[in-house]
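# Working through the structure, step by step
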Amino acid sequence: MAHPYVLLSAAVSLDGFLDDTGPERLLLSGPEDFDRVDEVRAGSDAILVGAGTVRTDNPRLLVNSARRRAARVAAGLPEYPLKVTVSVSGDLDPEALFWHTGGAKTVYSTDKGAERLRGRLPAGVEVVALGPDMQWRDVLGHLGDVKGVRRLMVEGGGQVHTQLLRQGLADELQLAVAPLFVGEAGAPRMFGPGAYPPGRMRLVEARVVGDVVLMRYVPTAPGTGRLAFAADRRWLEAACELAAQCPPSRTAFSVGAVIVAADGTELARAHSREGGDAVVHAEEAALAKLDPADPRLAAATVYSSLEPCARRASRPAPCARLIIDAGVRRVVTAWREPDTFVASADGNALLAAQGVDVVVLPEYEDLAKAPNAHLLPPATRT
Ligand SMILES: NC(=O)c1ccc[n+]([C@@H]2O[C@H](COP(=O)([O-])OP(=O)(O)OC[C@H]3O[C@@H](n4cnc5c(N)ncnc54)[C@H](OP(=O)(O)O)[C@@H]3O)[C@@H](O)[C@H]2O)c1
């Protein structure tokens, strides 16, 4: 399933609250930051909030700038992004402004919640039932595959942000810190207690916007087992980009590899034919940069733009074997090895047979193939 890019967006007080406990919505951003948020909305295919925010804030979630709406229309997009909410219970007020403003709306719910909602919401609102329990991966899969959403902006509230971040489904976090305190123990926080992906997120931008500071973070911690996290996509993309740095060859693929510890620390990276070695493979070169006794290897993930090789003529040990022998138990790759040099190579199966979790993200296949187009039959180059 093709998940959209998921951007979590919120404003918080200096003491980390999303709101106070009063009946009115607390305005944390200033005019400049509201305008920035408007721009982010205009650049999104859909905006999602939890049912709690619909009930508490009664938001419209519009693109307010006429100029930005006109630019969307000129680009062939709907005037407003799709509005999306999620509710287990189906307890949503049909009079809420959410339903009566902007463009198309979709609500995801459980079978029971959807039953409760059907016929109660205004005409044209789509109600999607996702089984007895709702899973975020199903919501994102439906948004990507069925609704064609490529970029999803999530505007709260705390429960929704917490779940998406904890489940490794957030590609980016945009946090605006406002210069005021809430100071109420019962006020909602952006993130609740519980287990989050380990390690440090990466700060990619800090910007002053009026009197707030915007911070943009991306996740770094790889997923676990065969579940792909947002950070896995980021690291695999880095591996695919490394492949483009390989010295050209007519007799071997150009491949990039990155090895990442469970806490998101990059351990090593390499590409094929690195350092003047005409036959070295990317995974082999990256592993060679590490002490084989490094205790982080056992929980590390190897990202390789191409499936690790199962057989090779140039050296005795193929990369799948090197990975297994290094004690690595998780591999993420973009592209299955074609028969160009070795018929029916199946490095992924070799890895899986030894208990390695292999995750294939085919959405990066074209990027992995790009520096190898000259080696592929025209029909498979894409
Ligand atoms: N400062 C900001 O930028 C900002 C932005 C947005 C919101 N907020 C604040 O955040 C507060 C609301 O946050 P909140 O945590 O109470 O609510 P929320 O995250 O907006 O929504 C929680 C609700 O979403 C539904 N939900 C949660 N997980 C679900 C799942 N896995 N599947 C299906 N439905 C699911 C449930 O609805 P049901 O109960 O219907 O089952 C749940 O009660 C408000 O005070 C608001 O002002 C602040």
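These numbers come from a predicted model, not from an experiment.

It is worth spelling out the overall build of the protein at this point. What the protein contains, in helices and strands, is 12 helices and 14 strands. Against the 2.2 N^0.38 benchmark of 21 Å for 382 residues, the protein shows a C-alpha radius of gyration of 23 Å, consistent with a compact globule. On the principal axes, the C-alpha backbone points of the protein span a range of 70 × 45 × 40 Å. The burial tally for the protein puts 42% of its 382 residues in the buried class. Taking as baseline every contact in the protein between residues at least 6 positions apart, the subset at least 24 positions apart corresponds to 69%.

Strand pairing within a sheet occurs via backbone hydrogen bonds; the two strands may be parallel or antiparallel. Strands sit in the order β11-β10-β12-β13-β14 across an open sheet of five strands; the sheet is mixed. Both outer strands of the open sheet, β11 (266-271) and β14 (357-360), are each paired with one neighbouring strand and no more. Taken over all neighbouring pairs, the strand axes of this sheet differ in orientation by 15 degrees on average, direction set aside. As defined by bridge partners, strand β13 (residues 330-335) adjoins β14 across four bridges and the pair is classed as parallel. Residue pairing in the sheet places Val 331 in a bridge with Val 358 of β14.

What UniProt calls "domain: CMP/dCMP-type deaminase" (unreviewed entry) maps, in this numbering, to residues 230-357. Helix makes up 28% of residues 230-357 and strand 19%, with an end-to-end C-alpha separation of 17 Å.

Our focus in this paragraph is the pairing of strand β12 (residues 301-306). Burial analysis of β12 places six of its six residues in the buried class, the great majority of the element. Inspection of the sheet shows strand β10 (residues 256-260) paired to β12 by four bridges, in the antiparallel sense. Its bridge partner lying in β12, Val 260 is registered against Thr 301. Sheet analysis places β12 next to β13, joined by four bridges and oriented parallel. By the bridge assignment, Val 302 is partnered in β13 with Val 331. Tracing the backbone out of β12, into helix α10 (residues 319-326) and back to the parallel element β13 gives a crossover that is right-handed.

So, on to the site of the ligand. The full set close to the ligand counts 28 residues, and Gly 50, Gly 52, Val 88, Gly 156 and Gly 157 are the nearest of them. When residues of the shell around the ligand are traced back to their parent elements, those giving at least two are β1 (5-12), β2 (46-50), α2 (51-57), β3 (82-87) and α7 (158-166). The leading source of residues in the shell around the ligand is α2, at five residues. Along the lines of polarity and charge, the residues of the shell around the ligand split into 12 nonpolar, 11 polar and five charged.

Let's shift gears to the domain arrangement of the protein. In terms of domain boundaries, the protein breaks down into domain 1 (5-218) and domain 2 (230-380). Centre-to-centre, using C-alpha coordinates, domain 1 lies 36 Å away from domain 2. On the domain 2 side, the residues contacting the nine residues of domain 1 number seven residues. When grouped by side-chain class, the residues that make up the side of domain 1 that touches domain 2 number five nonpolar, two polar and two charged.

Pairing in this open sheet of nine strands is mixed, and the strands run β5-β4-β3-β2-β6-β1-β7-β9-β8 from one edge to the other. Across the chains shown, the open sheet's two edge strands, defined by having one partner strand only, are β5 (126-129) and β8 (202-209). Pairwise comparison of adjacent strand axes, ignoring direction, gives a mean angle of 20 degrees for this sheet.

On to the pairing of β10. In terms of burial, β10 is a largely internal element, five of the five residues being buried. Judged by which residues are buried, β10 turns out to be covered on both faces: Gly 256, Val 258 and Val 260 on one side and Ala 257 and Ile 259 on the other are all buried. The pairing of β10 with β11 spans five bridges and is classified as antiparallel. Looking at β11, one finds that Gly 256 is bridged to His 271. Between β10 and β11, which pair antiparallel in sequence order, lie five residues; one of them, Gly 264, sits at a positive phi of approximately 90 degrees.

So, about helix α8 (residues 230-243). Helix length check: α8 (14 residues) gives 21 Å between terminal C-alpha atoms against 20 Å at 1.5 Å per residue, within 8%. Listed in full, the buried residues belonging to α8 are Ala 230, Ala 231, Asp 232, Arg 233, Arg 234, Trp 235, Leu 236, Glu 237, Ala 239, Cys 240, Leu 242 and Ala 243.

A word on the nonpolar core. Val 6, Leu 8, Leu 152, Val 154, Ala 257, Tyr 303 and Ile 323 are the most contacted members of the largest nonpolar core, which totals 93 residues. Take this core: its biggest share by element is eight residues, from α8. No fewer than three residues from each of domain 1 (5-218) and domain 2 (230-380) sit in this core. Discounting chain neighbours no more than four positions away, the residues touching Val 154 are Val 6, Leu 7, Leu 8, Ser 9, Leu 48, Val 160, His 161 and Leu 164.

Rules behind the numbers
- Residues numbered from 1 in each chain as written.
- Predicted model: local features only at pLDDT ≥ 70, side-chain atom pairs only at ≥ 80, totals over all residues.
- Helix = DSSP H or I, 4+ residues; strand = E, 2+ residues; numbered from the N terminus.
- Rg over C-alpha atoms; globule rule 2.2 N^0.38 Å.
- Buried ≥ 20, exposed ≤ 12 C-beta atoms within 10 Å, placed from the backbone.
- Contact = placed C-beta atoms within 7 Å.
- Pairing = 2+ DSSP bridges.
- Axes fitted to C-alpha atoms, helices over the stretch in contact; angles between N-to-C directions.
- UniProt positions renumbered as here; feature names shortened; annotations may be inferred.
- Right-handed = clockwise from strand over helix to strand, strands pointing away.
- Near = placed C-beta within 6 Å.
- Nonpolar A, V, L, I, M, F, W, Y, C, P; charged D, E, K, R; others polar.
- Domains from an automatic or database assignment.
- Expected span 1.5 Å × (residues − 1).
- Core = buried A, V, L, I, M, F, W, Y, C linked by C-beta atoms within 7 Å.

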